[in-house]
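Observations on the three-dimensional arrangement
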Amino acid sequence: MSKPAIEFTDITDIEYTLCPGDDPLIKERILATDPATGVATRILRYEPGADSTPIGVQKHEFWEEVYIIEGSFTDLTLGQTFHAGQFACRPPGMPHGPWRSEEGVTTYEVRYPAPAEQ
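Scope of this entry: the structure provided in the associated data block. (Residues numbered from 1 in each chain as written. Predicted model: local features only at pLDDT ≥ 70, side-chain atom pairs only at ≥ 80, totals over all residues. Heavy atoms only, no water.)

**Details of the packing of aromatic side chains**
Think of a pair of aromatic rings as described by two things: how far the centres are apart, and how the planes are tilted against each other in angle. Quick note on the threshold: In this analysis, rings of Phe, Tyr and Trp, with Trp reduced to its six-membered ring, are considered paired at centre separations within 6.5 Å, and the interplanar angle assigns stacked below 30 degrees, edge-to-face beyond 60, and tilted for intermediate values. Secondary structure elements follow DSSP: runs of H or I of four or more residues count as helices, runs of E of two or more count as strands, with numbering from the N terminus. Only protein chains enter the accessibility calculation, which uses a 1.4 Å probe. A residue is then buried if its area is under 20% of the maximum for its type, exposed if over 50%, and partly exposed in between.
Scanning all chains against the criterion turns up 4 aromatic pairs. Ring geometry for tryptophan 63 against tyrosine 112: centres 6.2 Å apart, planes inclined by 5°, an arrangement best described as stacked. Note that tryptophan 63 is positioned in strand S5 (residues 62-75) and tyrosine 112 in strand S9 (residues 105-113), a separation of 49 residues in sequence. Under the relative-accessibility criterion, tryptophan 63 is labelled partly exposed at 25%. Centre to centre, the rings of phenylalanine 82 and tryptophan 99 are 6.1 Å apart; their planes meet at 65°, and the pair counts as edge-to-face. Remark: tryptophan 99 occurs in strand S8 (residues 99-101) and phenylalanine 82 occurs in strand S6 (residues 80-83); sequence separation between them is 17 residues. Each member of the pair phenylalanine 82 and tryptophan 99 is classed as buried.

Geometric values such as these leave the question of function open.
Below you can see the structure in the form of structure tokens.
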């Protein structure tokens, strides 16, 4: 299975839902997902004051590319703040976070499976 084919659509018709961890200040708008692998394309939003410390450092089995649309957030492990216009490309297993955002942040994320080992 893979992500579905979707023609241009108004993403404001897609509701934000709580992310894993159930913090009401951290929500995602899933644009496309592959139910078999769990990889997705999404808009992630941290409201001002959001903090993902309870879910800890994240590591995924998939590739993840992240572009910060607006705002900023701080990777608490790195002690570094990232701002609108910055981009990250994380291979499977790369640790990142937890995150805190004082002003709020909105990101666009694309996740895709790692190729099978050859």
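Right, picking up where we left off after that structure.
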